[in-house]
Structure formats: structure tokens, C-alpha cells
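# A structural walkthrough
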Amino acid sequence: METLNIARWQFGITTVYHFFFVPLTIGLAFVVAGYQTAWYRTKKDSYLKLTKFFGKLFLINFAMGVVTGIVQEFQFGMNWSDYSRFVGDIFGAPLAMEGLLSFFLESTFIGLWIFGWDRLSPRLHLASIWLAAIGTFLSAYFILAANSFMQNPVGYRFNTATNRVELTDIWAVLTNKVTLVTFPHTIAAAFLTGGGFVLGVSLWRLVRRPDVDRNAFRSAAKAGAIIVLVAATAVAITGDRQAKVMTQVQPMKMAAAEALYDTKAHAGFSIFTVGTLRGGDEVFSVRIPGLLSYLATGDFHAEVEGINDLQAAYEAKYGPGNYTPNIPLTYWTFRLMIGIGMSAALAAVWLLWTIRKGRIPQGRWWARAALIIPFTPLLGNSFGWIFTEMGRQPWIVFGLMPTSAGVSPGVSAAEVLISLIGFTLVYGLLAVIEMRLLLTTIQAGLPELPPSEPDAPDEGIDDEERQLAFAY
């Protein structure tokens, strides 16, 4: 019941909960923008209906993400004031950019998009959703830049007089090599999440209500499956690059991901392992020879440093202490991130094969798959986030500040526990509200359109403007 442990639980719960909404918001923003662009260019009613249908689901999710995200920023000052004091000059800079630039861009143009259907020209209204989607991109970049400083500190100097780190190069922080590999990986995972959501929702409608808007949802299911496959490929490629950079800056995290205790050349990657917690004795494993060496360095025969050697090196550099993260947690979250997250790609291939030549999925197995598919990328994202943060332990800022030194000294364990219980209850209530709103919208299906609405793109557009729109 120490303050540190309760504060860590609270941060973990609120962060993972918030991160459910982040990738889905990013992915759905571009899905909605894509459907509205298709409607603008083709004037087909089905595209407008899908725009409004998935647009409403996007707005519900966006609102929940905003509410839960506010808690994240306040929590740094609530439970982690020593951390905020130590790195506030650096950590606060990209977060301020995110708030002043990205969030205002998102919120402003989402507002214009919501209320501008009958007030803005079709072209300006379309531009609004695209600018809002771009805003989600920028938000992700600035937040990842802040987090990447915690993984690989750059662009700073340590002031011995104030015992704080100070910003010396904002460009170095924004172009941190961890940021440059983490951002494309996160965005690819966001599109995987958005595509999985579109696929699951459309599939559910096809299976449960095949007689209502059949062609529109069949088209949406196909589009979602294609997005999933393309995004899954991008996730694998960017994840490979991220693993190599991670090995450069945090070799202990890569060693912990495999539970590799002793330095080894041509190190294999285990699909499944039964072994001891600390000794490294392997009882049973299913292993791919040389794959860990390739993931870490790009060379199947390269040497990968083990936990024991890294622990000794860190003790020599930083002083006595345990510099090893929770091995079972790190090992399994790494595999769950890959396995569960990429399982949506298998479902996408299965669906594309099933719906070929105008066919419609049928049977209770497809209904169950429709409920599961949207959650697989979400869980993959969450396990990836847990792996990233837990694999860095015991550091809150790698090599500069241990997690134990970042907790607020003036906050008692009872106070953190009360807020933990309160946040958990409120978040549980929000989850019920979120699911109820989503299910109600999904069950209602595509909206009805006023007779005049499908013709809206023609109003005030001459031939030259229409040609430019098609070129766009």
C-alpha cells in the first residue's frame, strides 16, 4: 500500500483506458474523411450515409478520448510532481504544442464539421474533416515526442544548481530517433484499429440485418478489410524498425522481451516458453532460430546482450540496484501485442474470401467474429503500450530518473487510493455510457437522408471546380 505502487496502478489504469480511444479516433477520422471525399466526388447516397454513420461513431469516441485525456495531463502534477519538476521544461514543451496547435486544430474543425453541413460550402465542409484528421496526426506526434524523451533523453542539459534537466534543443526532442520510428508504427496501428472497427461493425450489420443497407455495409466491410491488411503490413514493417532502435537505446527492454538472461549470438525468438522467473532456466519453448538477433540488429547471427550482463553494466554505470523490468509481464505483453493485434489481418483475409462475387457472410460464427474483431487491434495497442512503459522500468526517464523518485512527496497513500477508486468507478460508468451510445448508433443503422441532401455537392460548383475536386 505504498504511495508509489498505488500511483503507478492509477497511472496504468487511466493510461490504458485513455489509449483505447486514441488509435480508434485517429483511424476513424480518416475513414470518415475518405467516405466524405467519395461522396463529394461521386454524389452517391450510400457514401453520404456511411459518412454520417461512421462520423457519429467517431464523434462519440472523440468526446470520450478528450475527457479521459484531460485526466492524463493533470495526473503528472497530482501524483508525479517530482517528475514534473525534474523534466517539466522539456516534457511540457511538446505537450504545450499539442494543446495549442493540434488539439485546437482538431476541436475547431470538428466543430465546423458538426455544425457546417448546411452552412458551409461542400468543399469547405470536406476540408474541415480532413483538417480535423490531420490534427489527430499532429497530436499523436507531439505526445509521442514527449514520451520518447522518457525512453531516450535528448536535447537537454542537467542543471546542478536546481537539480533539474533543462531544454537546450527542441528540434532534437522533436526529431528523437525513438519518435521517428514510434510515430509511423503508432499511426499504422491506429489505421489497423480504425479498419478493424469498420470491418467489425459492417460485418455485424451484414450478419444480423442482411436485408437493410446490404450493399453499403458489404462495401464498408470490404473497405475495412483492405485497410486492416494494408495497416497490418505497415505495422509489421515499422515495428521491425522500432525494435532495432529500441535495442540501441534500451537493450534491457529487448532482452526482457525474450527473457534472454545470457548474451548470445544467433539468438532465437520463442513463440512460447516455460521457464524460471529469475534464473533463466528454460523448461520448454517453441523457438525460431536467429529471429531475435534479426529483430534486434538486422543480422540473424548478431550478438544480443542478455539480462545478466546488462544488469552488471548498469550497476557499474548507475550504482547498486535492480535494473531489470518485470520479465514475465514484458515477455508476454510483447507476444500478445503481436499475436492479438495482428489476428485482425487473418479475419480480414477470411472476410474478403467469403464476400467475393457478391456473397454475404452467414452463420453464428460470423456474428461472434464481428464482436471480436474490433477489440483485437485495441488490445494489441494496449499490450504494446504496457510493454513500452513496463519494459523501461525501473526508469521513469531512462538513465536520468528512476520511477521511485518521480512520485509526489506531499501525497499520501490514502489520498492516491481514494482517487484511484474514484477514477476507476467513473471510468467504469463512462465505459457503460460509451458502449450504450455506440451500440444504439450501430443498431439504428444508416441514417435517412432528406430528399435534397444528396444533391448538395452540385450547388455553387462550376465545371472547373468539379474537375479540381476529382483531381483531389
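Let us look at a nonpolar patch on the surface. Taken together, Ile271, Phe272, Val286, Ile288, Trp332 and Leu336 make up a surface patch of nonpolar side chains, about 480 Å² in accessible area. When residues of the nonpolar patch are traced back to their parent elements, those giving at least two are β4 (269-275), β5 (282-288) and α11 (327-354). Among the secondary structure elements, Ile288 is positioned in strand β5. According to the relative accessible area criterion, Ile288 is partly exposed, its value standing at 36%.

Tracing the chain through its elements places Thr441 in helix α14 (residues 413-444). The class for Thr441 is buried, based on a relative accessible area of 8%. At 2.9 Å, the side chain of Thr441 forms a polar contact with the backbone oxygen of Leu437. In contact with Thr441, other than residues within four places in its own chain, are Phe53, Lys56, Leu57 and Ile60.

Right, let's get into the packing of aromatic side chains. Counting across every chain of the model gives 34 aromatic pairs. Relative to Phe21, the ring of Tyr17 has its centre 5.5 Å away and its plane inclined at 65 degrees; by these criteria the two rings are edge-to-face. Of the two residues, Tyr17 and Phe21 are both situated in helix α1 (residues 3-42); the distance of 4 residues between them amounts to about one turn of the helix. Like Tyr17, the residue Phe21 is buried in the burial classification. In this arrangement the basic side chain of Lys52 is found over the ring face of Trp117, its NZ or CZ atom lying 4.7 Å from the centre. The ring centre of Tyr331 lies 3.6 Å from the NZ or CZ of Arg335, which sits over that ring.

Within this structure, the stated rule accounts for 5 salt bridges. Of the charged contacts in the structure, one is a salt bridge between Arg157 and Glu166, with a shortest N-O distance of 3.2 Å. Judged by its relative accessible area of 51%, Arg157 falls in the exposed class. Note on Glu166: relative accessible area 15%, which makes it buried.

Reading the values: rules and limits
- Residues numbered from 1 in each chain as written.
- Predicted model: local features only at pLDDT ≥ 70, side-chain atom pairs only at ≥ 80, totals over all residues.
- Heavy atoms only, no water.
- Patch = residues over 30% accessible without salt bridge, like charges linked within 9 Å, V, L, I, M, F, W, Y side chains within 5 Å.
- Areas by Shrake-Rupley, 256 points an atom, 1.4 Å probe, with all protein chains shown as cover.
- Salt bridge = Lys/Arg side-chain N within 4 Å of Asp/Glu carboxyl O.
- Helix = DSSP H or I, 4+ residues; strand = E, 2+ residues; numbered from the N terminus.
- Buried < 20%, exposed > 50% of the residue type's maximum accessible area, 1.4 Å probe, protein only.
- Polar contact = N/O pair within 3.5 Å; in protein donor to acceptor, adjacent residues only side chain to side chain.
- Contact = heavy atoms within 4.5 Å.
- Phe/Tyr/Trp six-rings, centres within 6.5 Å; stacked < 30°, edge-to-face > 60°.
- Lys NZ or Arg CZ within 6 Å of the ring centre and 35° of its normal.

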